[in-house]
Amino acid sequence: MKKVALAVILLFSITLKAEFLYLKDGQVIQGKIISEDAESYTVQTKYQTRRVNRSEVTRIMYGERKLERIYLLMRDGTKMDGYKVDEDAEKVLIREKEDSPREISISKKDIKQMSQTEIIPLNPSINARLGIFYPINSQGSKLKPAIGIYLGSSMNFQLIKDTRINFEAGFAKNKSEYSGLFMRFIPLTASIEKNINFGRLNLNPKFTLGGVILDYDDGETTPQREFSFLTGIGLSPTYEVIERTFFITFDTEYQLIFDKKGKLHCLLATLGASYRF
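Residues numbered from 1 in each chain as written. Predicted model: local features only at pLDDT ≥ 70, side-chain atom pairs only at ≥ 80, totals over all residues. Heavy atoms only, no water.

### Considering the overall build of the chain
The number of helices and strands found in the chain is one helix and 21 strands. Rg of the C-alpha trace for the chain: 31 Å, well past the compact-globule value of 19 Å for 277 residues, more than 25% over. Judged by the C-alpha coordinates and their principal axes, the chain covers about 105 × 40 × 30 Å. Every one of the 277 residues in the chain was classed for burial, and the buried ones make up 39%. For the chain, the proportion of contacts with a sequence separation of at least 24, taken over those separated by at least 6, is 50%. Per element, the accessible surface of the chain, about 16,700 Å² overall, is 58% carbon and sulfur. (Helix = DSSP H or I, 4+ residues; strand = E, 2+ residues; numbered from the N terminus. Rg over C-alpha atoms; globule rule 2.2 N^0.38 Å. Buried < 20%, exposed > 50% of the residue type's maximum accessible area, 1.4 Å probe, protein only. Contact = heavy atoms within 4.5 Å. Areas by Shrake-Rupley, 256 points an atom, 1.4 Å probe, with all protein chains shown as cover.)

Now the structure itself:
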């Protein structure tokens, strides 16, 4: 009975005050060192007594401990993840795999953020683009294609990985084939883009919602203004000119505007630039 009680006490003490032996082959042995000499350690684990050569051990750590997975956002904008082996005031030691013998030492001066959950940085940007805006079914108005100018800002969407949201305002003034008639478009939109990465090239399907201020002048009556609903779908490929900083964009989009008289179908093609902070 005393032997059983002693075994239970020993196992309980191993759990509370465990030592962790990190071996050169990547193994981590959890137990209690019950003896040692110049060549080896004798370790009592939960299931057996084991002899470990000192030459096989890279470090010993004390206390209840488990390798936790961490995510790092570096100051240069890159991201890393791995299993934290050790940490002090100056550095973090991680393994890419929990049982890997390879360990990476990272200076805390190079780390911007460290978390137990995956980090999605905001990466805000300012965007500008210029292109052709064409209302394709203006019917009797016979509106011509016109130059459109668009300015906005975007950031990573924190709830969905590899997704950006973009807020934008624009301007286009489409003249008619008839003298004196024109329509002015001032869109205010929000769009969401899914990043599909191919190295420096990203193919980004996009979906747009918003509104548009329409100014209409037929050259005879008082100019009219209305606010209409706008939606659109398109593709926004981007090319990374300067890594994680400067991008060239080419957007093609189909837009549908719901005005008082019906639905106005529009095509938009632009070339632009984006600078990320």
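### Some points on the packing of aromatic side chains
Within this structure, the stated rule accounts for three aromatic pairs. Between the aromatic rings of Phe229 and Phe258, the centroid separation amounts to 5.8 Å while the plane-to-plane angle is 35°, which identifies the pairing as tilted. With Phe229 in strand β18 (residues 224–235) and Phe258 in strand β20 (residues 246–259), this pair connects stretches of sequence that are 29 residues apart. For Phe258, a relative accessible area of 31% translates into the label partly exposed. (Phe/Tyr/Trp six-rings, centres within 6.5 Å; stacked < 30°, edge-to-face > 60°.)

### Quick notes on the sheet that holds strand β5 (residues 57–62)
In space, the five strands of this open sheet follow the order β4-β3-β2-β1-β5, with antiparallel pairing throughout. Both outer strands of the open sheet, β4 (49–53) and β5, are each paired with one neighbouring strand and no more. Each strand of the sheet is rotated relative to its neighbour by a mean of 45°, with strand direction disregarded. In this sheet, strand β3 (residues 40–44) lies alongside strand β2 (residues 28–36) in antiparallel orientation, the contact comprising four bridges. Residue pairing in the sheet places Glu36 in a bridge with Tyr41 of β3. (Pairing = 2+ DSSP bridges. Axes fitted to C-alpha atoms, helices over the stretch in contact; angles between N-to-C directions.)

### Description of the nonpolar core
In this structure, Phe133, Met183, Phe185, Val212, Leu214, Ile257 and Leu264 are the most contacted members of the largest nonpolar core, which totals 15 residues. Elements that contribute at least two residues to this core include exactly β14 (182–194), β17 (205–217) and β21 (262–276). Beyond its immediate chain neighbours, meaning those up to four positions away, Leu214 contacts Met183, Arg184, Phe185, Gln224, Arg225, Glu226, Ser228, Ile257 and Asp259. (Core = buried A, V, L, I, M, F, W, Y, C linked by side-chain atoms within 4.5 Å.)

### Observations concerning the confidence of the model for the chain
Of all residues in the chain, 91% attain a pLDDT of 70 or more, and the chain-wide mean is 86. Averaged pLDDT values over the elements of the chain bottom out at 44 in helix α1 (residues 2–16) and peak at 97 in strand β11 (residues 125–135). Between residues 1–16, whose pLDDT stays under 50, and residues either more than four places distant or in other chains, the model counts ten contacts. (pLDDT = per-residue confidence, 0-100.)

### Quick word on the sheet that holds strand β6 (residues 68–74)
Strand order in the open sheet made by the five strands is β9-β8-β7-β6-β10, with antiparallel pairing throughout. One side of each edge strand has no neighbouring strand; the edge strands of this open sheet are β9 (103–107) and β10 (111–115). Taking each pair of neighbouring strands and ignoring which way they run, the sheet shows an average axis angle of 45°. Looking at chain direction, β6 and β10 are connected through four bridges and run antiparallel. Within β10, the residue paired with Leu72 across the bridge is Met114.

### Section: the environment of Pro124
Within the fold, Pro124 resides in the loop between β10 and β11. The exposure class assigned to Pro124 is partly exposed, which follows from its relative accessible area of 32%. Not counting residues within four places of it along the chain, the set of residues in contact with Pro124 comprises Ser154, Met155, Arg164, Tyr275, Arg276 and Phe277.

### Quick word on the side chain of Thr189
With respect to the secondary-structure elements, Thr189 resides in strand β14. Look at Thr189 and you get buried, because its relative accessible area is 12%. If we skip the residues at most four places from it in the chain, Thr189 touches Asn166, Phe167, Glu168, Thr208, Leu209, Gly210 and Leu230.

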